[in-house]
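Summary of structural features
The primary structure of each chain is shown beneath.
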Amino acid sequence: MNREEMLRNLILDGYVSLRQFSMEADIPYSTLTTVLSRGVGGASFDMVIRICKKLGIDPCEL
């Protein structure tokens, strides 16, 4: 399982949808879907930190 699949699974385990997570994390939905489809490596560091913080995981685990 790659990083993006792991994040998607963690999000969907705790939230009804990606859209709900994006609203609660104050992340634009389009940005979240781009991160999950194009890869975490291309995302800004701040965005990765924000996602991980909302999920309660350490960014180093990615």
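Residues numbered from 1 in each chain as written. Predicted model: local features only at pLDDT ≥ 70, side-chain atom pairs only at ≥ 80, totals over all residues. Heavy atoms only, no water.

This part takes up the confidence of the model for the protein chain. Per-residue pLDDT for the protein chain averages 93, and the proportion of residues at 70 or more is 100%. When the elements of the protein chain are averaged for pLDDT, helix H4 (residues 45-55) gives the smallest value, 94, and helix H2 (residues 18-25) the largest, 97. (pLDDT = per-residue confidence, 0-100. Helix = DSSP H or I, 4+ residues; strand = E, 2+ residues; numbered from the N terminus.)

As a further point, take the packing of helix H1 (residues 3-14) against helix H3 (residues 29-38). At a minimum axis distance of 8 Å, the contact between H1 and H3 shows a crossing angle of 135 degrees. Looking at the two axes, H1 sits oblique to H3. Residues Glu-4, Leu-7, Arg-8 and Ile-11 of H1 lie in contact with H3, whose contacting residues are Leu-32, Val-35 and Leu-36. When grouped by side-chain class, the residues that make up the contact of H1 with H3 number five nonpolar, no polar and two charged. (Axes fitted to C-alpha atoms, helices over the stretch in contact; angles between N-to-C directions. Parallel < 35°, antiparallel > 145°, perpendicular 65-115°, else oblique. Contact = heavy atoms within 4.5 Å. Nonpolar A, V, L, I, M, F, W, Y, C, P; charged D, E, K, R; others polar.)

Here we come to H2. Listed as buried for H2 are Leu-18, Phe-21, Ser-22 and Ala-25. Along the axis of H2, the buried residues cluster in a sector spanning 100 degrees; they form a single face. Buried residues in H2 make contact with H1, H3 and H4. (Buried < 20%, exposed > 50% of the residue type's maximum accessible area, 1.4 Å probe, protein only. Arc of directions from axis to C-beta.)

A word on the side chain of Glu-4. Following the sequence through the fold, Glu-4 ends up in helix H1. One buried charged side chain, Glu-4, makes no salt bridge at all; its nearest oppositely charged neighbour is Arg-3, positioned 4.3 Å away. Setting aside chain neighbours within four positions, we find Glu-4 in contact with Val-35, Leu-36, Gly-39 and Val-40. (Lys, Arg positive; Asp, Glu negative; His and termini not counted. Salt bridge = Lys/Arg side-chain N within 4 Å of Asp/Glu carboxyl O.)

Time to look at the packing of H2 against H3. Contact pair H2 / H3: the axes reach a minimum separation of 9 Å and the direction vectors enclose 120 degrees. The angle between H2 and H3 falls in the class oblique. In this structure, H2 meets H3 at a crossing whose hand is right-handed. Residues Leu-18, Arg-19, Phe-21 and Ser-22 of H2 lie in contact with H3, whose contacting residues are Tyr-29, Leu-32 and Leu-36. Here the contact of H2 with H3 is built from residues that sort into five nonpolar, one polar and one charged. (Left-handed = near helix turned anticlockwise from the far one by under 90°.)

A separate point is unusual backbone geometry. Of note in this structure, Asp-26 is not a glycine but carries a positive phi near 60 degrees. You can call Asp-26 exposed: its relative accessible area is 59%.

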